[in-house]
Amino acid sequence: LLLLAALLHDTGKAQTRTVSDDGRVHFHDHEKISRSMAVSIGERLRLSRDEIARLATIVGHHMRPHWLADCPPLSARAAYRFWRDTGAAGVDICLLGMADYLATVGPALDHDAWLFYVETQQQLLNRYFLAYDTAVAPAPLLTGRSLMREFGLAPGPEIGAILEGLREAQAAGEVSTPEQALDWVRHFLDRAAQN
């Protein structure tokens, strides 16, 4: 699947090619078109639903390693969001990102820029392989039931949004105990009430 994703990850470039006034060529959102094309090809190849989903994830998110390396330093929140959105396919995305980087710059490779890019990928991969339980998928400190009971909230999407925000705060190291989690939720609800 990784090799197929590597073959298909830029298929949307032809449809998204634009040239700016200064003559620079752009391929804005090509990853979205490429993702759609990869799904269609995966279906024609009779891949399983899981295989198509993984292929779509790899192709659809293949630009994220580049964007993360372009905005240093890599924050805990950005890394958490990367893994939240990509799951295990994020490992393949990091590998594809490095191959794509090398293919893009070719013989004009700047050694220092390459090392910086690789270090960014290493930080992402270290979080996945060495700190999964804290940086990628921290154990919940509160449940939806406890939020409803403690704050008088009704069941609904707001509960999910609060729990996701809390989980991101945990991954960022801002919250580590149930008491801190309750304080975080109080502040979250106060901010929401003010807006």
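Residues numbered from 1 in each chain as written. Predicted model: local features only at pLDDT ≥ 70, side-chain atom pairs only at ≥ 80, totals over all residues. Heavy atoms only, no water.

> It is not clear to me how the confidence of the model for the protein chain should be interpreted in this structure. Could you clarify?
In low-pLDDT regions, the fine details of the predicted coordinates are not to be read closely. Put simply, the protein chain has an average pLDDT of 93, and 100% of its residues get 70 or more. Mean pLDDT values over the elements of the protein chain span from 84, in strand S2 (residues 25–26), up to 97, in helix H4 (residues 49–60). (pLDDT = per-residue confidence, 0-100. Helix = DSSP H or I, 4+ residues; strand = E, 2+ residues; numbered from the N terminus.)

> Explain the pattern of salt bridges here, please?
Side-chain pairs of opposite charge can arise whenever the charged atoms involved come near each other. By the definition in use, this model includes 12 salt bridges. Salt-bridge contacts for Glu-168 lead to Arg-77; the nearest nitrogen and oxygen are separated by 2.6 Å. Of this pair, Glu-168 sits in helix H11 (residues 157–171) while Arg-77 sits in helix H6 (residues 76–86); the two residues are 91 residues apart in sequence, bridging distant segments of the chain. Of the residues examined, Arg-77 reaches a relative accessible area of 24% and is grouped as partly exposed. A salt bridge links Arg-84 to Glu-168; the nearest nitrogen and oxygen atoms lie 3.8 Å apart. Of this pair, Arg-84 sits in helix H6 while Glu-168 sits in helix H11, placing them 84 residues apart in sequence. (Salt bridge = Lys/Arg side-chain N within 4 Å of Asp/Glu carboxyl O. Buried < 20%, exposed > 50% of the residue type's maximum accessible area, 1.4 Å probe, protein only.)

> I would appreciate a short explanation of the state of the cysteines in the present structure.
Two cysteines whose sulfur atoms are joined by a covalent bond form what is called a disulfide. Enumeration over the complete set of coordinates arrives at zero disulfides. We note that Cys-71 lacks a disulfide partner, and the nearest cysteine sulfur, in Cys-94, lies 16 Å from it. Residue Cys-71 is classed as exposed on the basis of its relative accessible area, which comes to 54%. A relative accessible area of 0% means that Cys-94 is categorised as buried. (Disulfide = S-S within 2.5 Å.)

> Explain the side chain of His-30 here, please?
Of note, His-30 is situated in helix H3 (residues 30–44). Not counting residues within four places of it along the chain, the set of residues in contact with His-30 comprises His-9, Asp-10, Gly-12, Lys-13, Thr-16, His-62 and Met-63. (Contact = heavy atoms within 4.5 Å.)

> How should the nonpolar core be read in this particular structure?
Inside soluble globular proteins, nonpolar side chains tend to come together where they are buried. By size, the foremost hydrophobic cluster in this structure holds 22 residues, and its most contacted members are Leu-8, Leu-55, Ile-58, Phe-82, Trp-83 and Leu-124. Elements with a contribution of two residues or more to this core: helix H1 (2–8), H3, H4, H6, helix H7 (89–105) and helix H8 (111–130). Top contributing element to this core by residue count: H7, with five residues. Trp-83 has contacts with Gly-90, Val-91, Leu-124, Leu-125, Arg-127, Tyr-128 and Val-136, leaving out every residue within four places of it along the chain. Counting residues in each nonpolar core, the second largest holds 13 residues, with Ala-181, Leu-182, Trp-184 and Val-185 among its members. (Core = buried A, V, L, I, M, F, W, Y, C linked by side-chain atoms within 4.5 Å.)

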